[in-house]
Amino acid sequence: MTVFNHPEFQHEQVHFCQDKASGLNAIIAIHNTRLGPALGGCRMYPYNNDETALTDVLKLSRSMTYKAAMAGLAYGGGKAVIIGDPSTDKNEAMLQAMGHFIEQLNGHYITAEDVGTSVSDLLTIAKRTHYVAGISDKLTSTGSPRSGDPSPATAYGVFVGIKVAVEQRLGYGHLAGLKVSIQGLGKVGYQLAVLLHDAGVKLYVSDLNVQHLQKAVTELDATPLSPQQLLQTQTDIFAPCAMGGILDESLIEQLPVVIIAGSANNQLATERIGELLHQRGILYAPDFVINAGGLIDIAHELGIHNPKQVHRQLDNIGHTLTEIFKCSQQQNCPTHSIACSISEERIHQVMDAA
């Protein structure tokens, strides 16, 4: 299979980057820059093979285009993946080499933090490129300092989205007493768990990291489950906060929930899954809408970072989801399809005006 006949290839540019001295093998995908320069994180993951890495970066970059359009940001969609295990393969020379390749794109792609990379990694990348976001210290809406890490903004946006989904599907104006199963307790997943716990939610959690699980048990009174147990436990809401592609036909046939709302990217294994969820009466919050908080945060960092304005735009994720849910109900159409159509319409409006 070549890039040009890859089923996910709808992109302006795809760059393959290698630095043998540091061990860097990476792919940068720029999906669409009609709304502005491509903005998206740099992921490091031990992919099974190069084709899997290519598929992931193509899907992720397309999702970033839709995410920026839905959030009303003047940015396009891009993504980078470094092939390797971040716990054993990562080194400073590799990250600086990645920065060199990003710099060569002259601002067409701006990178940020993602799975397998941290603020400190981005600072290393920034030694070789100007085109890095999510590294500047900033203030919260209450005036307290925080790092450039966008994960708190992502978690808050998902929390807002869950509240809207609950009101739409269950008719509740609160979360107290509800049960939520969270798959993945990384930076976003754990912060989401904290927000839900503080709102009175009973948590059921799963993570491959035993320390993350124990922390959730101790601090949040969460019930720890194996990955398979989590998917079989009846709760009100399933929040996928790990890797993408989790929602496939075999899972949704048995998933005992009424709402799916989480931070993972590309949650649907195929486009058909959105239709099947709709048929089953499971309300799905499209991932590229509900998890846009981090992108909103770093987009504002690239301009004038106004914490209160960022917070307002994070809250607006709820309004956008409400619009999608209502359209889905009125048109008897899957929420994912509605969100894709709105994104594409916004992009085409810019293209037509150009």
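Going by the structure above, here's the rest.
Residues numbered from 1 in each chain as written. Predicted model: local features only at pLDDT ≥ 70, side-chain atom pairs only at ≥ 80, totals over all residues. Heavy atoms only, no water.

Draft legend 1. Fine view of the nonpolar core. In terms of nonpolar packing, the biggest core is built from 67 residues, with I162, I182, L192, L196 and L203 touching the most fellow members. The leading source of residues in this core is helix α4 (residues 151–170), at 10 residues. With 21 residues, the next largest nonpolar core counts M94, A97, I125 and V132 among its residues. (Core = buried A, V, L, I, M, F, W, Y, C linked by side-chain atoms within 4.5 Å. Buried < 20%, exposed > 50% of the residue type's maximum accessible area, 1.4 Å probe, protein only. Helix = DSSP H or I, 4+ residues; strand = E, 2+ residues; numbered from the N terminus.)

Draft legend 2. Main features of the packing of α4 against helix α12 (residues 307–331). Their axes nearest at 9 Å, the elements α4 and α12 cross at an angle of 35°. With respect to the hand of their crossing, α4 and α12 are arranged in right-handed fashion. Contact with α4, carried on its side by A153, Y156, G157, V160, G161, V164, A165 and Q168, involves H311, L314, D315, I317, G318, L321, T322, F325 and Q329 of α12 and no other residues of that element. Looking at side-chain class alone, the contact of α4 with α12 contains nine nonpolar, seven polar and one charged residues. (Axes fitted to C-alpha atoms, helices over the stretch in contact; angles between N-to-C directions. Left-handed = near helix turned anticlockwise from the far one by under 90°. Contact = heavy atoms within 4.5 Å. Nonpolar A, V, L, I, M, F, W, Y, C, P; charged D, E, K, R; others polar.)

Draft legend 3. Spatial organisation of α12. With 25 residues, α12 ought to run about 36 Å at 1.5 Å a step, and its terminal C-alpha atoms sit 37 Å apart, in line with that. When we look at burial in α12, the residues that qualify are P307, V310, Q313, L314, I317, G318, T320, L321, I324, F325, C327 and S328. The opening residue of α12 is N306, an N-cap whose side-chain oxygen sits 3.1 Å from the backbone nitrogen of K308. Phi for N332, located one or two positions after α12, is positive at around 55°. (Expected span 1.5 Å × (residues − 1). Polar contact = N/O pair within 3.5 Å; in protein donor to acceptor, adjacent residues only side chain to side chain.)

Draft legend 4. Inspection of the sheet that holds strand β10 (residues 202–206) at higher detail. Read across the open sheet, the six strands follow the order β11-β10-β9-β12-β13-β14; overall the sheet is parallel. Here the strands that pair on one side only, and so sit at the sheet edges, are β11 (223–224) and β14 (283–284). In the sheet, β10 pairs with β11 via two bridges, with the strands oriented parallel. Residue pairing for β11: V205 is matched across the bridge by P224. Contacts from helix α5 (residues 187–198) reach β9 (179–183), β10 and β12 (237–240) within the one sheet, and its direction differs from that of β9 by about 170°. Running over the sheet, helix α6 (residues 210–220) touches β10 and β11 and is turned about 170° from β10. (Pairing = 2+ DSSP bridges.)

Draft legend 5. The arrangement of the side chain of S263 in detail. Within the secondary structure, S263 is located in the loop between β13 (259–260) and α9 (272–280). The exposure class assigned to S263 is buried, which follows from its relative accessible area of 10%. Setting aside residues no more than four positions away along its own chain, S263 makes contact with T154, V158, V188, P240, C241 and N291.

Draft legend 6. Structural context of helix α2 (residues 92–103). With 12 residues, α2 extends 16 Å between its outermost C-alpha atoms, agreeing within 8% with the 16 Å of an ideal straight helix rising 1.5 Å per residue. Among all positions of α2, only M94, L95, Q96, A97, M98, G99, F101 and I102 are buried. Where α2 is buried, its residues contact β1 (13–19), β2 (24–32), β4 (42–45), β5 (76–83), β6 (109–110) and α3 (119–125). With a side-chain oxygen positioned 3.1 Å from the backbone nitrogen of A93, the residue opening α2 is N91.

Draft legend 7. Inspection of the pattern of salt bridges at higher detail. All chains considered together, the criterion is met by eight salt bridges. The salt bridge involving K127 is made with E92; its shortest N-O contact spans 2.9 Å. With K127 in the loop between α3 and β7 (138–139) and E92 in helix α2, this residue pair connects regions lying 35 residues apart in the sequence. On the basis of relative accessible area, K127 is assigned to the exposed category, the value being 52%. Exposure remark for E92: the relative accessible area of 44% places this residue in the partly exposed category. Overlapping salt bridges bring together R43, D56, K79 and D114 as one network. (Salt bridge = Lys/Arg side-chain N within 4 Å of Asp/Glu carboxyl O.)

Draft legend 8. Representation of the state of the cysteines. By the definition in use, this model includes zero disulfides. Free of any disulfide, C241 has its nearest cysteine sulfur in C340, 20 Å distant. There is no disulfide at C333, and the cysteine sulfur nearest it, in C327, is 9.4 Å away. (Disulfide = S-S within 2.5 Å.)

Draft legend 9. Seen up close, the environment of A68. Among the structural elements, A68 can be located in helix α1 (residues 50–70). Sequence spacing of A68 and G40 is 28 residues, and the spatial spacing of their C-alpha atoms is 9.7 Å. Those residues within four positions of A68 in sequence are excluded, and the remaining contacts are L73, Y75, G76 and L295.

Draft legend 10. Empty space enclosed by the protein, seen in detail. All chains considered together, the criterion is met by one cavity of 30 Å³ or more. Of the voids in this model, the largest cavity is the one considered here, and its volume is about 90 Å³. In terms of lining, the largest cavity is formed by K67, M70, A71, V289, A292, I296, Q313, N316, I317 and T320. Going through the elements one at a time, α1 and α12 are the ones with two or more residues in the lining of the largest cavity. Here the lining of the largest cavity gets four residues from one element, more than from any other, and that element is α12. (1 Å grid on protein atoms, 1.4 Å probe; cavity = no way out; pocket = protein on both sides within 12 Å on 5 of 7 lines; lining within 4 Å. Points joined across faces, edges and corners; volume = space filled by probe spheres on them.)

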